[in-house]
Amino acid sequence: MKVMVNDEEIDVDDGTTVTGLLEHLGLPARGIAVAVDWTVLPRSQWDSVVCEGARVEVVTAVQGG
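Just so you know, these numbers come straight off a predicted model, no measurement behind them.

Draft legend 1. Looking closely at the pattern of salt bridges. A full pass over the atoms with the stated rule returns 2 salt bridges. Measuring nitrogen to oxygen at the nearest pair gives 2.9 Å for the salt bridge that ties Asp-11 to Lys-2. Among the ionic pairs, Arg-55 bridges to Asp-7, the shortest N-O distance being 2.6 Å. Residue Arg-55 is located in strand E5 (residues 55-60), and its partner Asp-7 is located in the loop between strand E1 (2-5) and strand E2 (8-11); the two are separated by 48 residues in the primary sequence.

Set out below in structure tokens:
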């Protein structure tokens with residue numbers, strides 16, 4: 001199935017969770033925030049299945065000054 005991740009179309013397997021999507025993309029589980037269809041998901045909900053056509057935004061925390 002296809003989902004949009006940071007405005008890029010990605011193919012993933014049916015039943016893929018947010019955690020599985022992050023692993024598929026090679027992203028770390030720490031230091032990031034995830035929103036699905038414009039709703040920020042707390043880490044406790046990352047086991048939610050991503051639906052066909054979902055828009056996922058992944059933001060990485062950056063330190064600096």
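Draft legend 2. The side chain of Thr-16, seen in detail. Position of Thr-16 among the secondary structure elements: in the loop between E2 and helix H1 (18-25). In contact with Thr-16, not counting residues within four places along its chain, are Met-1, Leu-21, Ser-48, Val-49 and Val-50.

Draft legend 3. Inspection of the pairing of E5 at higher detail. Across 2 bridges, the pairing between E1 and E5 is parallel. When the sheet's bridge partners are listed, Val-5 is paired in E5 with Val-56. In terms of strand pairing, strand E3 (residues 32-36) meets E5 through 5 bridges, oriented antiparallel. The partner of Ala-35 across the bridge, within E5, is Glu-57.

The rules behind the values
For every chain, the first residue of the written sequence is number 1, and numbering continues from 1 onward in sequence order. The predicted nature of this model means local features are confined to residues of pLDDT at least 70 and side-chain atom pairs, given and counted, to a pLDDT of 80 or more, with totals for whole chains, interfaces and linings taken over all residues. The side-chain quantities take in all heavy atoms of the structure and omit both hydrogens and water. Each salt bridge in this description consists of a side-chain nitrogen of Lys or Arg and a carboxyl oxygen of Asp or Glu lying within 4 Å of one another. A run of H or I in DSSP becomes a helix once it reaches four residues, and a run of E becomes a strand once it reaches two; helices and strands are each numbered from the N terminus. Note on contacts: a residue pair qualifies if any of its non-hydrogen atoms lie within 4.5 Å across the two residues. Between any two strands, pairing holds if DSSP finds at least two bridges.

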